Amino acid sequence: MASNDDAPTGAANGNGNAGAQPSLNVLAQYVKDLSFESPGAPNSLRGRDKAPGIAINVNVNANPLSDKQFDVNLTLNAKASFDQEVLFNVELVYGGVFAISGFPQEHMLPILFIECPRLLFPFARQIIAEATRNGGFPPLMLDPIDFAQMFQQKIAEDQAAASKVQVS
């Protein structure tokens, strides 16, 4: 069996950190805010001949807690309506505290806004499904979310806004 005793001590791994392996760890997960409203109940619970319209909004925020710890919040809003009647409105802010180290600085935003919410999403999805089921409706099973596409779209919007400011 080969030994690593001959490896140079403190050898850099290409990102400036001597011997540090990149790591992403979930330290905590929590419900920051959960709201379910069914303003028309019990009338809103009756059967209908067609499915209601459902509008879903997703947002991700990240805040540093220390040099290597970050609080990432995934906000999910789902509003179901039929004609002008709101059947239900559910809002969830689901958070996670992540320890992130050993990554190059240019990778931090994609990690915070793509990988962290991707890890949180299955848990948030389950909470939304249970809230709608407990509200008397069929469970709302959200489709998987492409956080990479959301991030790229947000970057493009920010760049377009910045170029408009520079032109004005």
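Treat the numbers as computed from the prediction; the structure is a model and nothing was measured. (Residues numbered from 1 in each chain as written. Predicted model: local features only at pLDDT ≥ 70, side-chain atom pairs only at ≥ 80, totals over all residues. Heavy atoms only, no water.)

(A) Here's a closer look at the overall build of the protein chain. Helix and strand counts for the protein chain come out as 2 helices and 4 strands. Going from N to C terminus, the protein chain has its helices and strands arranged as β-β-β-β-α-α. For the protein chain, with 168 residues in total, the buried portion stands at 28%. Long-range pairs, those at least 24 residues apart, make up 68% of the contacts in the protein chain with a sequence separation of at least 6. Summed over all atoms, the accessible surface of the protein chain reaches about 10,700 Å², with 51% contributed by carbon and sulfur. (Helix = DSSP H or I, 4+ residues; strand = E, 2+ residues; numbered from the N terminus. Buried < 20%, exposed > 50% of the residue type's maximum accessible area, 1.4 Å probe, protein only. Contact = heavy atoms within 4.5 Å. Areas by Shrake-Rupley, 256 points an atom, 1.4 Å probe, with all protein chains shown as cover.)

(B) Layout of the packing of aromatic side chains. One pass over the full model with this rule turns up 5 aromatic pairs. Note on Phe36 and Phe137: the rings are 6.4 Å apart at their centroids and 55 degrees apart in plane angle, and the pair reads as tilted. A residue pair is termed long-range when its members are at least 10 positions apart, and Phe36 in strand β1 (residues 23-37) and Phe137 in the loop between α1 (108-134) and α2 (147-167) qualify at 101 residues. A relative accessible area of 27% means that Phe36 is categorised as partly exposed. The class of Phe137 is buried, set by a relative accessible area of 10%. (Phe/Tyr/Trp six-rings, centres within 6.5 Å; stacked < 30°, edge-to-face > 60°.)

(C) Region of the structure containing unusual backbone geometry. Here the residue pair Ala41 and Pro42 is connected by a cis peptide bond, since its omega of 5 degrees sits within 30 degrees of zero. Secondary-structure assignment places Pro42 in the loop between β1 and β2 (53-64).

(D) Up close: the confidence of the model for the protein chain. Overall, the predicted model of the protein chain reaches an average pLDDT of 87, with 86% of residues at or above 70. Segment residues 1-17: pLDDT under 50, and 11 contacts once partners within four positions in sequence are set aside and those in other chains are kept. (pLDDT = per-residue confidence, 0-100.)

(E) Layout of the pattern of salt bridges. For the structure on display, the rule yields 2 salt bridges. Measuring nitrogen to oxygen at the nearest pair gives 2.2 Å for the salt bridge that ties Glu115 to Arg118. Here Arg118 and Glu115 lie together in helix α1, a separation of 3 residues that amounts to about one turn. Among the residues examined, Arg118 registers a relative accessible area of 46% and is labelled partly exposed. The salt bridge involving Asp158 is made with Lys154; its shortest N-O contact spans 3.1 Å. Of the two residues, Asp158 and Lys154 both sit in helix α2, 4 residues apart, roughly one turn of that helix. On the accessibility criterion, Lys154 (47% relative accessible area) is partly exposed. (Salt bridge = Lys/Arg side-chain N within 4 Å of Asp/Glu carboxyl O.)

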